[in-house]
Amino acid sequence: PVMPSCEPGPPAACLPTKTFRSYLPHCHRTYSCVHCQAHLAKHDELISKSFQGSHGRAYLFNSVVNVGCGPAEQRLLLTGLHSVADIFCESCKTTLGWKYEQAFETSQKYKEGKFIIEMSHMVKDNGWD
């Protein structure tokens, strides 16, 4: 099998007509929006697969791209009270999950500034086999 290269992507003329704010390198395994294929996160940024979203399983990421943030609000989640902001795909506006703005319990502080994306909104791209 041919290993993916870290060469820059195809020339601009070969790119799809829909453009996103950020493109992740072709050499990385990535997660994309299932609805519009916008890149969302590199696999390297994945912290945990054992989270629960509003509608099923979710992944916790250190950082994401092509994502907008709504206003923060306090929510009582399974692990206690948190200040969270809904996040959405900047391309198709689908709500993807949330960003942890503040955790009120010491044991949950590691989540601050991190992002939850629900599995139902992501597809895996680039060299997962």
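As the structure is a computational prediction, the values presented were derived from the model and not from experiment.

Definitions and limits used
Residues numbered from 1 in each chain as written. Predicted model: local features only at pLDDT ≥ 70, side-chain atom pairs only at ≥ 80, totals over all residues. Heavy atoms only, no water. Helix = DSSP H or I, 4+ residues; strand = E, 2+ residues; numbered from the N terminus. Buried < 20%, exposed > 50% of the residue type's maximum accessible area, 1.4 Å probe, protein only. Contact = heavy atoms within 4.5 Å. Patch = residues over 30% accessible without salt bridge, like charges linked within 9 Å, V, L, I, M, F, W, Y side chains within 5 Å. Areas by Shrake-Rupley, 256 points an atom, 1.4 Å probe, with all protein chains shown as cover. Salt bridge = Lys/Arg side-chain N within 4 Å of Asp/Glu carboxyl O. Disulfide = S-S within 2.5 Å. Phe/Tyr/Trp six-rings, centres within 6.5 Å; stacked < 30°, edge-to-face > 60°.

> What's the story with the side chain of Ser-83 in this structure? I'm lost.
Here Ser-83 is to be found in strand β6 (residues 80-89). Since its relative accessible area comes to 11%, Ser-83 is described here as buried. If we ignore the near neighbours within four places in the chain, the residues touching Ser-83 are Ala-72, Glu-73, Gln-74, Lys-99, Tyr-100, Glu-101, Gln-102 and Phe-104.

> How should a nonpolar patch on the surface be read in this particular structure?
A cluster of nonpolar side chains, Leu-76, Leu-81 and Phe-104, forms an exposed patch at the surface whose accessible area comes to about 290 Å². With respect to the helices, strands and loops of the structure, Phe-104 is situated in the loop between β7 (95-103) and β8 (115-118). For Phe-104, a relative accessible area of 36% translates into the label partly exposed.

> Would you mind going over the state of the cysteines with me for this structure?
By definition, a disulfide links two cysteine residues through a covalent bond between their sulfur atoms. Inspection of the entire model under this criterion finds 0 disulfides. Note on Cys-89: no disulfide assigned, nearest cysteine sulfur contributed by Cys-36 at a separation of 3.6 Å.

> Honestly, the pattern of salt bridges in this entry has me stumped. Any pointers?
Pairing is possible between side chains of opposite charge, provided their charged atoms come close. A full pass over the atoms with the stated rule returns 3 salt bridges. A salt bridge links Asp-86 to Arg-75, with the shortest nitrogen-to-oxygen separation between them at 2.7 Å. In this pair, Asp-86 is assigned in strand β6 and Arg-75 in strand β5 (residues 67-77), connecting sequence segments 11 residues apart. Residue classification places Asp-86 among the partly exposed residues on the basis of a relative accessible area of 30%. Within the structure, one salt-bridge network assembled from shared partners comprises Glu-73, Arg-75 and Asp-86.

> What exactly am I supposed to notice about the packing of aromatic side chains here?
The way to describe two aromatic rings as a pair is by their centre distance and the angle between their planes. Using the criterion set out here, one finds 4 aromatic pairs in the structure. Centre to centre, the rings of Tyr-59 and Phe-61 are 6.4 Å apart; their planes meet at 50°, and the pair counts as tilted. The class of Phe-61 is buried, set by a relative accessible area of 0%. Three or more aromatic residues link up through ring pairs in this structure, and these residues are Tyr-31, Tyr-59 and Phe-61.

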